[in-house]
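Overview (structure and organization)
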Amino acid sequence: MINKIILGLYRILPPKMRNGIGQSRVLKPVRDIFLRSHGSYRETRVFVKRDYLGYMVNFYFHASMKVASKAEKSGIENTILRNSIDLVKRLKTKENNAVVLDVGANFGYLSLVWAKSIAQNGKVLSFEPNLNVYNSFRNSIRANSLESSIELNNLAVGKKDGTIELFLSSTTSNTLQTNTQDNGSTQIEMVSLDSFLKRNGIDRCDLVKIDVDGIELDILMGATHLMERCNPIFIVETNDDERIIEFFDKRNYQVLDMKLNPFQSGDQLPPNIFCIPKIK
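The notes below deal with the structure included here. What you see is a predicted model, and the numbers here were worked out from it, not measured in a lab. (Residues numbered from 1 in each chain as written. Predicted model: local features only at pLDDT ≥ 70, side-chain atom pairs only at ≥ 80, totals over all residues. Heavy atoms only, no water.)

**Quick notes on the overall build of the protein chain**
Counted only if it meets this: The secondary structure listing takes helices from DSSP runs of H or I that are at least 4 residues long and strands from runs of E that are at least 2 residues long, numbered from the N terminus. When a residue's accessible area, from a 1.4 Å probe over protein chains only, is under 20% of the maximum for its type it is buried; when over 50% it is exposed; and in between it is partly exposed. Throughout, a contact is declared for two residues whenever any of their heavy atoms are within 4.5 Å.
Across its full length, the protein chain holds eleven helices and 15 strands. Of all 280 residues assigned to the protein chain, the portion counted as buried reaches 50%. In the protein chain, 67% of the contacts between residues at least 6 apart in sequence involve partners at least 24 apart.

As structure tokens, this is what we get:
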């Protein structure tokens, strides 16, 4: 009940006022009372109902107040979701049995949509290293009885297997230390996609989404066998790293922009690219 009351108050505040409260050091104690719980964000549950290219998806979604409010009101990463559904339906499968890897799943909004659409008869394998965020995502999976559709892994993904230091903030994490981390660090197991799929006997993959704030290229280098064997569609956050374009160019992939138009050399890098295997 308290979360519903706080969410209602959060929604009626104008965006400028919310931002001002969020940035004010003086109001930090008040902000923490309302928006934080047990040293982390206050988890909130909302009900999402949206149409993605003819798929009317609906599910309970557990996340921080800010993310949950946005998800309920307007959805999250809608362009990525619509483009991915379009590409999978055109290039991979029309049977709603796609196998999807969601690397850097965060609270799992995209995974939940895919599990309710193109992968409803397939599988979504999601990776989220931040334990608090992982637990919220797990709550969403349970609330929607999607345990058989979404396999959630509390692992970091990189170029090779090992153990890595993970720098934490309230709702995100990073293997690269930046000034945004405020919750310390922890050690976590890291896997490459190639080794993870081999270890688990997975021989099919239709779509891979990678959003990890800076080590996308490392993750791709650890997925070369996956590319050769499965030729999946990739969605990759670029972080202005032109080496990612070169990586796909060398592996017979076509790179598309956010409007699914071919990316041209010299163009400004879009925030995300869609990479499809060329016909051999």
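**As for the nonpolar core**
Where we set the bar: Within this scheme, the nonpolar core is defined by two criteria: the residues are buried Ala, Val, Leu, Ile, Met, Phe, Trp, Tyr or Cys, and they are joined through side-chain atoms within 4.5 Å.
In this structure, F61, Y109, W114 and I118 are the most contacted members of the largest nonpolar core, which totals 44 residues. Among the elements that line this core, the one with the most residues is helix α6 (residues 109-115), at six residues. Among the nonpolar cores identified, the runner-up in size contains 40 residues, and L101, V212, V236 and L269 belong to it.

**What to know about unusual backbone geometry**
Positive phi, close to 50°, is recorded for L53, a residue that is not glycine. Positioned with a positive phi, S145 is a non-glycine residue whose angle comes to about 50°. Mapped onto the elements of the fold, S145 is located in the loop between α7 (131-143) and β7 (150-153).

**Digging into the packing of aromatic side chains**
Counted only if it meets this: Pairing of aromatic rings covers Phe, Tyr and Trp, the last counted by its six-membered ring, and requires centre-to-centre distances within 6.5 Å; plane angles under 30 degrees mean stacked, over 60 mean edge-to-face, and any other angle means tilted.
Applying the stated criterion to the full structure yields ten aromatic pairs. Ring centres of F59 and Y109 lie 5.5 Å apart, and the angle between their planes is 70°; this geometry places the pair in the edge-to-face category. Of this pair, F59 sits in strand β4 (residues 55-63) while Y109 is found in helix α6, placing the two residues 50 residues apart along the sequence. Measuring from ring centre to ring centre gives 5.4 Å for F247 and F248, while their planes differ by 85°; the resulting arrangement is edge-to-face. The same class applies to F247 and to F248, which are both buried.

**Here we look at the pattern of salt bridges**
We apply this condition: Any carboxyl oxygen of Asp or Glu within 4 Å of a side-chain nitrogen of Lys or Arg constitutes a salt bridge here.
Counted according to the given criterion, the structure contains six salt bridges. Its salt-bridge partner being D161, residue R199 comes within 3.3 Å of it at the nearest N-O pair. Placement of the pair is R199 in helix α8 (residues 193-199) and D161 in the loop between β8 (156-157) and β9 (162-168), with a sequence separation of 38 residues. Classification of D161 by relative accessible area gives partly exposed; the value is 39%. Across the pair R204 and D206 runs a salt bridge whose closest N-O atoms are separated by 3.0 Å. Look at the salt bridges and you will find they share partners, linking D161, E189 and R199 into a network.

**Topic: the sheet that holds strand β6 (residues 123-127)**
Put simply, the test is: Strand pairing is defined by DSSP finding a minimum of two bridges between the two strands. Structural elements are reduced to axes, namely lines fitted to C-alpha atoms, with helices fitted over the stretch in contact, and the angle between N-to-C directions of any two is expressed from 0 to 180 degrees.
Taken in spatial order, the seven strands line up as β7-β6-β5-β12-β13-β15-β14 in an open sheet, and their pairing is mixed. Across the chains shown, the open sheet's two edge strands, defined by having one partner strand only, are β7 and β14 (253-256). Taken over all neighbouring pairs, the strand axes of this sheet differ in orientation by 15° on average, direction set aside. Here four bridges tie β14 to strand β15 (residues 272-277), and the two strands are oriented antiparallel to one another. Across the sheet, Y253 pairs through a bridge with P277, a residue of β15. Across the sheet, helix α5 (residues 78-91) touches β12 (207-210), β13 (233-237), β14 and β15, and the angle it forms with β15 is around 5°.

**Here we look at the side chain of S84**
Relative to the elements of secondary structure, S84 occurs in helix α5. For S84, a relative accessible area of 1% puts it in the buried group. Apart from residues lying up to four places away in sequence, S84 is in contact with W114, L207, I235 and F274.

**Describing the state of the cysteines**
The condition is simple: In this description, the term disulfide denotes a pair of cysteine sulfurs within 2.5 Å.
Per the stated rule, a full pass over the model turns up zero disulfides. The closest cysteine sulfur to the non-disulfide-bonded C205 is located on C230, 5.8 Å from its own sulfur.

**Some remarks on α5**
We apply this condition: In this analysis, the expected span of each helix is defined as 1.5 Å times one less than the number of residues it contains.
Given a rise of 1.5 Å per residue, 14 residues ought to cover 20 Å, and the 20 Å separating the end C-alpha atoms of α5 matches this to within 8%. Where α5 is concerned, the buried positions are N78, I80, L81, N83, S84, I85, L87 and V88.

**Some thoughts on the environment of S145**
With relative accessibility at 56%, the residue S145 sits in the exposed group. On a C-alpha basis, the gap between S145 and F59 in space is 9.8 Å, while along the polypeptide they are 86 residues apart.

**Description of helix α4 (residues 65-74)**
For clarity, the cut-off: What the arc describes is the spread of directions from the helix axis to the C-beta atoms.
Of the residues making up α4, those classed as buried are M65, A68, S69 and A71. Angularly, the buried residues of α4 cover 160° about the axis, an arc narrow enough to put them on a single face. At the C-terminal side of α4, G75 shows a positive phi close to 80°.

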